[in-house]
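Residue strings, one per chain:
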Amino acid sequence: DPATVDTKTMGLKGDPLNLSIDDAVIYDEDNLLAWSAGDTGKAGKAKSKDSLAEIGHGQVPVAGGPAGISFAAITQQATVSFAGLRRVSTGSSEADAAGRALLVAIGIAGHVAAFGRAFSLRSGCELVTETQLWTWRGASGNHPVAVPSFSECAELVAGCAARAEAAGLPVGTRWAEPVTLTPQSRLASVITKSWPDLGEG
C-alpha cells in the first residue's frame, strides 16, 4: 500500500571510512579486485576522483525510490530447523548434540538482539514490535513458548559454548582470541590519503 509513487527521494550508500581521494583510480572492468590509485601505468580504465564508488568504496549515489510507504501490516517470521541441523556432523554424537545446541542458541540470541526491540529499518522508518509469538512445532503439535529476554539468551549461549568446548569443539574460551583484519596495501594507501591523521601516533 504505497502512500505515494509520484514523489521520489535520492539516496546515498555510505562508506564507513568515508574514503575520498583526488587520485584517479585505475581498474579492470572485468576484475574489480585488480585496481590501483594514482598509477596510470597499470592496465585498466582511468576514472575520476569519484571512481572509488565503482569498486565498492567511497560514497555511492543510488536511484531514488518512493518518498513515502505505508503498510497495512508487517509480519517478520524466523524459523530454526532442527532437521536442517542434522547436516552438522563431527563424527561424535556428543559433539554433534553440543554443537547443534550452540548453533541454535546463537541463532536465537541473534534474533532476539535484532528483532526483540524497536529498531531503525532505514532513515525515517522506525519499527516497533507490537506482538511476538514463539511456537514449538513438533510431532505432538504446536505449543507456545515464552519469549526469552536477551540476558537469558546470553546465558544460554554461554552454557552451550561451555558444553561444546567440553565435548572437544573449538569454541568457548578459544573465542577470546581477537581476529585482526589487515587491508591490502592499495586499500591501506587510499585510507591513509583519506585520513592522514590515522597514521599519527
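Our subject is the structure that appears above.
Note that the coordinates shown come from a computational prediction; the quantities given were computed from them, not determined experimentally. (Residues numbered from 1 in each chain as written. Predicted model: local features only at pLDDT ≥ 70, side-chain atom pairs only at ≥ 80, totals over all residues. Heavy atoms only, no water.)

Colleague: Which residues make up the environment of I74, and what values do they have?
Modeller: With respect to the secondary-structure elements, I74 resides in the loop between β5 (60-66) and α1 (82-85). Distance from I74 to L127, taken between C-alpha atoms, is 9.5 Å for residues 53 residues apart in sequence. (Helix = DSSP H or I, 4+ residues; strand = E, 2+ residues; numbered from the N terminus.)

Colleague: Talk me through the pairing of strand β9 (residues 141-145); I want residue IDs and the actual numbers.
Modeller: Alignment of strand β8 (residues 134-138) against β9, held across five bridges, turns out to be antiparallel. Bridge pairing in β9 places W134 opposite V145. The hairpin formed by β8 and β9 contains two residues between the paired strands. (Pairing = 2+ DSSP bridges.)

Colleague: Outline helix α2 (residues 93-115), listing residues and values.
Modeller: A rise of 1.5 Å per residue sets the reference length of α2, with its 23 residues, at 33 Å; its end C-alpha atoms lie 33 Å apart and thus fit the reference within 8%. Residues of α2 that are buried include every one of A95, D96, A98, G99, L102, V104, A105, I108, A109, H111 and V112, and no others. Where the residues of α2 are buried, they touch α1, β8 and α3 (150-166). (Expected span 1.5 Å × (residues − 1). Buried < 20%, exposed > 50% of the residue type's maximum accessible area, 1.4 Å probe, protein only. Contact = heavy atoms within 4.5 Å.)

Colleague: How would you explain the packing of α2 against α3 if you had to name every residue and give the values?
Modeller: The contact between α2 and α3 brings their axes to 9 Å, and the two run at 160°. Between α2 and α3, the angle is such that the two are roughly antiparallel. Handedness of the α2/α3 crossing: left-handed. Where α2 abuts α3, its residues A97, A98, A101, L102, A105, I106, I108, A109, V112 and A113 lie against F150, C153, L156, V157, C160, A161, R163 and A164. The residue inventory of the contact of α2 with α3, partitioned by class, reads 17 nonpolar, no polar and one charged. (Axes fitted to C-alpha atoms, helices over the stretch in contact; angles between N-to-C directions. Parallel < 35°, antiparallel > 145°, perpendicular 65-115°, else oblique. Left-handed = near helix turned anticlockwise from the far one by under 90°. Nonpolar A, V, L, I, M, F, W, Y, C, P; charged D, E, K, R; others polar.)

Colleague: Tell me what's going on with the side chain of S194, and back it up with residues and numbers.
Modeller: Structurally, S194 can be placed in helix α4 (residues 185-194). Aside from chain neighbours lying at most four places away, what touches S194 is L19, S20 and I21.

Colleague: I'd love a proper account of the nonpolar core, names of residues and values included.
Modeller: Counting residues in each nonpolar core, the largest one holds 17 residues, and the members touching the most others are L102, I108 and A164. Of all the elements in the fold, those that place two or more residues in this core are α2 and α3. The element contributing the most residues to this core is α2, with eight residues. Other than its neighbours up to four places away in sequence, A164 contacts A98, L102, L169 and V171. In this structure, L19, V25, W35 and L52 belong to the second largest nonpolar core, which totals ten residues. (Core = buried A, V, L, I, M, F, W, Y, C linked by side-chain atoms within 4.5 Å.)

Scope: geometric values only; no functional claims are made or implied.
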